[in-house]
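Summary of structural features
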Amino acid sequence: MLATALIGYTVLMLGLGYASRRRQGAAGFFNGGNRLSRWSTFVLVTALWTSSCIVVEIDTGYEVGISAVWFGISVALLSISVALLMPFFRKMGYTSNSDLLGKGFGKGVQRLSGVIIGVTFPIFAMSNALFAALFFRALWGWPLAFSLGLTTIVLIIYIQFAGLVSLAATQGVNLAVMLGALGLTAALVHTQLSSAGSRLVPATLVASLHSWSGVGLATILVWFGMNLLNVFSAQAEFQMLAAARSPRQARQIVWLSTGVLLAVTGVSTWIGLQMRLHAAPQISGGLSQLAYLIVTRAHSWEIPIIGVGIWAMALSWCGPLLFSGAMSLGKDVVSVRVPMRWTQWALVLEGAAMMAFALWRPGETAWWRVFGLTLRNAGIVGPTVALILWGEELSGSAVIAAMLSGVGVGLALNAATGFSPTHFVRDINPMWAAQAATFLVLALGRWLQTKPWTHATAWLLATVTVTGYSVSAPWVPPAFRGIALLLTSCLAFGLTWFLTRQLAAGQEGAACLAQGTQESSK
């Protein structure tokens, strides 16, 4: 029954996407013709974040309890902030972050940012594909590599038809199926676990799972910091909102979408918590635990419905992300002459990368999310903020140096601890240090560009001194060292913008005065 339902549902999605793409044509493949309706935009945004939060909240709720809701709240804050920033991006003719940076800083920045986005988006997409593969393994006993490989191949075929209009046509069905499956899963957990009595769980663990700060203040700050930085590089949502008919319409839609997202966050966290308190102890991981519960406890008619819902989560999350990453890789890195063809080929690379990442560390979806955002934000957020503040005044070489520095710091600090999800150099999450490195190198590049060298040298010495003190001062708690580092770099970046703007204005005024004096003498 489940196999028939999955095949039928996939064929339905392919048919809806193909029919919609034929009506729209190639012109709206990347941006939907900038005329998506309110309903289409609402469905796109809501399905994107809902499909992500269901999986992450169940897995994280299983590990840390109700404090997992802070992740969903941080995502809601991210989504609202993106809508507020949308008018600026729309004026720039936004199609992707890599294209936007290319317009401001040149082809070198466009290609490098396209590579960073193309590498990191499969990391973001893998959680839902992995959930589907784990479910298939629990149901049919398939090896994880085979289940994930089959899931990836079907996803690639599905996304081949999935221009933005095609995604809008299919995401409405996906969203309805996901929410229905989530409700049925919650009912299953309640009847099969909550009412069946609790297994023996240590009292200290129960208290931690029911604590709003059980995950730890440092992790909560990382979630909020990560997603607030993500505001400037949330490419998939920007693309969806940019396709709406107006920025005002996009903002209204996001508020409605946020309400649905918060409700889904609460239900999903509760499911993860109940499984931790009541489910089988011999199985580790929230996603594996849920797959086992469905296979062993659900009625025969419930399995196809929940199974199709899990598959809809994979399509809803992986589709937009792999499509968005392939757009940057195929259109902005490889070719601008035949972008659709190269985007479709790039999808194959995106799918292969997603499968490789998932097989490397399949039990740590939350760590993967933070790791991917560490690299992507380090390479994209700083240059995007610089484009907003300085426009095209900053040199492309300075931007490239900053991007490489941020990504390099993120990789090096993760490698120094063996890519540990819990242990960091000097208790500073690499995400903070990587982003700080990008901001500081951008600021230094601006100083060197505007000259004189004495100003740049003095700024560099002062910044190094203050930054070093901010992470080593005894009165700064370990949980706040990363934030202190990032805030110091942001302060240096902001002061650089203010002071070099004044310096540039003074130089321009002096040049105008000299020109006027010369003309008067003539």
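Please read all numbers here as calculations on a predicted model, not as lab measurements.

In this section: the layout of surface pockets. Approximately 940 Å³ is the volume attributed to the largest pocket. Lining of the largest pocket is provided by 46 residues; of these, Thr-219, Ala-366, Trp-367, Pro-421 and Thr-422 occupy positions nearest its centre. Residue assignment for the lining of the largest pocket shows that the elements contributing at least two residues are α2 (38-64), α5 (107-140), α9 (217-229), α12 (286-297), α15 (365-390), α17 (430-450) and α19 (478-521). In terms of residue count, α15 provides more of the lining of the largest pocket than any other element does, seven residues in total.

To continue, consider α9. The end-to-end C-alpha separation of α9 is 18 Å, in line with the 18 Å expected for 13 residues at 1.5 Å each. What α9 keeps buried is the set Ile-220, Val-222, Trp-223, Phe-224, Gly-225, Met-226, Asn-227 and Leu-229.

We now examine the environment of Gly-61. You can see Gly-61 is positioned in helix α2. Other than its neighbours up to four places away in sequence, Gly-61 contacts Val-56, Ala-68, Thr-269, Gly-272 and Leu-273.

Attention shifts here to the pattern of salt bridges. Going through the model one piece at a time under the given rule, you end up with five salt bridges. One salt bridge in this structure joins Asp-99 and Lys-331, with 3.7 Å as the shortest N-O distance. Remark: Lys-331 occurs in helix α13 (residues 302-334) and Asp-99 occurs in helix α4 (residues 97-105); sequence separation between them is 232 residues. Of the two residues examined, Asp-99 and Lys-331, each falls in the buried class. A single network of salt bridges, built from pairs that share partners, joins Asp-99, Lys-103, Lys-331 and Asp-332.

All right, on to the side chain of Thr-10 then. For Thr-10, the location among the structural elements is in helix α1 (residues 2-24). Residue classification places Thr-10 among the buried positions, given a relative accessible area of 13%. Discounting residues that sit within four places of it in the chain, Thr-10 has contacts with Val-154 and Trp-311.

Cut-offs and rules
Numbering of residues starts from 1 in every chain and runs along the sequence as written. Since the coordinates come from a predicted model, pLDDT governs what is reported: local features require at least 70, and pairs of side-chain atoms require 80 or more to be given and counted, while whole-chain, interface and lining totals use all residues. The side-chain figures draw on all heavy atoms in the structure; neither hydrogens nor water molecules are used. Here a cavity means grid points, on a 1 Å grid over the protein atoms only, where a 1.4 Å probe fits yet cannot get out; a pocket means an open set of points with protein on both sides within 12 Å along at least five of seven lines; lining residues are those with an atom within 4 Å of a point. Grid points are joined across faces, edges and corners, and a volume is the space filled by probe spheres set on the points. Where helices and strands are cited, they refer to DSSP runs of H or I of at least four residues and of E of at least two residues respectively, numbered from the N terminus. Given a helix with a known number of residues, its expected span is that number minus one, times 1.5 Å. Burial classes: relative accessible area under 20% of the type maximum marks a residue as buried, over 50% as exposed, and values in between as partly exposed (1.4 Å probe, protein chains only). Contacts: residue pairs with any heavy atoms within 4.5 Å of one another. Criterion for a salt bridge: a side-chain nitrogen of Lys or Arg within 4 Å of a carboxyl oxygen of Asp or Glu.

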